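Structural overview
Residue strings, one per chain:
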Amino acid sequence: MNTVKIQNITVGAQHPIALIAGPCVIEGAERTLKIGRAVKAIADRLNIPYIFKASYDKANRSSYNSFRGPGLKEGLSILAHIKQELGVPVLSDIHCITQIEPAAEVLDIIQIPAFLCRQTDLVYQAARTGKVINVKKGQFLAPLDMKNVIAKIEEAGNNNILLTERGVTFGYNNLVADFRALPIMRSLGYPVVFDATHSVQLPGGAGTSSGGQREFVPCLTRAAVAAGIDVLFMEVHDNPPEAKSDGPNMLYIDQLEDVLKDVLAIDHVVRRHK
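Structural notes, computed from the coordinates. (Residues numbered from 1 in each chain as written. Predicted model: local features only at pLDDT ≥ 70, side-chain atom pairs only at ≥ 80, totals over all residues. Heavy atoms only, no water.)

For the second largest pocket, the calculated volume is near 170 Å³. Contributing to the lining of the second largest pocket are Asn 8, Ile 9, Lys 40, Ala 43, Asp 44, Asn 47, Ile 48, Pro 49, Tyr 50, Gly 87, Val 88 and Pro 89. Take the lining of the second largest pocket: its biggest share by element is three residues, from helix H1 (residues 29-46). Taken together, the residues of the lining of the second largest pocket break down into seven nonpolar, three polar and two charged. (1 Å grid on protein atoms, 1.4 Å probe; cavity = no way out; pocket = protein on both sides within 12 Å on 5 of 7 lines; lining within 4 Å. Points joined across faces, edges and corners; volume = space filled by probe spheres on them. Helix = DSSP H or I, 4+ residues; strand = E, 2+ residues; numbered from the N terminus. Nonpolar A, V, L, I, M, F, W, Y, C, P; charged D, E, K, R; others polar.)

Walk down a regular strand and you will see the side chains alternate between the two sheet faces. Across the five residues that make up strand E3 (residues 18-22), a large majority, five, are buried. Neither face of E3 is open: one carries Ala 18, Ile 20 and Gly 22, the other Leu 19 and Ala 21, and all of them are buried. Examined bridge by bridge, E3 and strand E4 (residues 50-53) share three bridges and lie parallel to one another. Residue pairing across strands places Ile 20 opposite Ile 51, the latter belonging to E4. After leaving E3, the chain enters H1 and then returns to the sheet as E4, a path that is right-handed. (Buried < 20%, exposed > 50% of the residue type's maximum accessible area, 1.4 Å probe, protein only. Pairing = 2+ DSSP bridges. Right-handed = clockwise from strand over helix to strand, strands pointing away.)

Right, let's get into helix H7 (residues 217-227). Those residues of H7 that fall on the buried side of the exposure criterion are Val 217, Leu 220, Thr 221, Ala 224 and Val 225. Projected down its long axis, H7 carries its buried residues within an arc of 130°, all on one side. Residues of H7 that are buried make contact with helix H6 (181-186), strand E11 (192-195), strand E14 (231-237), strand E15 (251-252) and helix H8 (253-273). Two residues or fewer past H7, Gly 228 is found with a positive phi of approximately 110°. (Arc of directions from axis to C-beta. Contact = heavy atoms within 4.5 Å.)

Below, the discussion takes up the side chain of His 237. Within the secondary structure layout, His 237 lies in strand E14. Within the local environment of His 237, its side chain forms a polar contact with the backbone nitrogen of Asn 239, the two atoms lying 2.9 Å apart. Setting aside residues no more than four positions away along its own chain, His 237 makes contact with Pro 23, Glu 27, Arg 31, Ile 35, Ala 243, Met 250, Leu 251, Tyr 252 and Ile 253. (Polar contact = N/O pair within 3.5 Å; in protein donor to acceptor, adjacent residues only side chain to side chain.)

In total, this model carries two aromatic pairs according to the counting rule given. An angle of 20° between the planes, with centres 6.5 Å apart, marks the rings of Phe 115 and Phe 140 as stacked. Pair noted here: Phe 115 is in the loop between strand E6 (109-112) and helix H4 (120-127) and Phe 140 is in the loop between strand E7 (132-136) and helix H5 (146-155), with a separation of 25 residues, a long-range link. We classify Phe 115 as partly exposed; its relative accessible area is 46%. Residue classification places Phe 140 among the partly exposed residues on the basis of a relative accessible area of 43%. (Phe/Tyr/Trp six-rings, centres within 6.5 Å; stacked < 30°, edge-to-face > 60°.)

A separate point is H4. Note on helix geometry: an α-helix contains 3.6 residues per turn, so any two residues three or four positions apart are oriented the same way. Looking at H4, one finds that the buried residues are Leu 122, Val 123, Ala 126 and Ala 127. In a view along the axis of H4, the buried residues occupy a sector of 125°, so they form one face of it. On its buried face, H4 is in contact with helix H3 (100-106), E6, E7 and H5.

Quick look at the packing of H1 against helix H2 (residues 72-86) now. Packing of H1 against H2 leaves a shortest axis separation of 10 Å and a crossing angle of 35°. Handedness of the crossing formed by H1 with H2: right-handed. Packed against H1, whose contacting residues are Ala 29, Thr 32, Leu 33, Gly 36, Arg 37 and Lys 40, the element H2 presents Ile 78, His 81, Ile 82, Glu 85 and Leu 86 at the interface. Class assignment of the residues belonging to the contact of H1 with H2 gives a composition of five nonpolar, three polar and three charged. (Axes fitted to C-alpha atoms, helices over the stretch in contact; angles between N-to-C directions. Left-handed = near helix turned anticlockwise from the far one by under 90°.)

What follows is the structure, encoded as structure tokens:
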């Protein structure tokens, strides 16, 4: 397996599991930094490599009136400040080609959203930046279909690739996490990420917004780590019910440490047996 380096963090092969975490969307500079600080303190206590995540624009919303975030310019400014304050790599998602150049000036990982994972120009141009590219597998794709996405990134001369599983569409307003996807995508030669919180999302399940079942996040997380992953992705919030996006599937920060302790214990067993 190829390993991927993000600042001083290396993921893949037998390297320790890393954490990507933060709020779904930037809700303001102060609150977003506060959440990042809280997660970093937990990661530092547990000695887990940490990458901060928040979206500057949630372009894929159920409703036109849904909160989308501060936008590209202000959002990247906030992410640059968090990166400096916390001393950690930062990740956010892009939605169109015009966002790539400014995003690459700030982000350590450029994320391709699941619904856009087959957009050739977006994937290829993002890869040309040389940044780490995290591609979320579309809810409509089989795991092996990601080989074609990988080929587009490699064609741009970039081997800094992460592949994320975030559940597959199963009936109306429901996702299912198929854990066969993790070893299948890993067999394609790149580190695999499990998105534990979007996997419990109920897309459009609340009518004009998505619902979610955060009570299943710890269960799916333990199962994914047991199946073998390189990075755990979780959206967290100090008070999810008042979050402006994806609150029903985000994890309370005060629950995070106990979940991560289980993650470390299971990951230790999995890596020892491998």
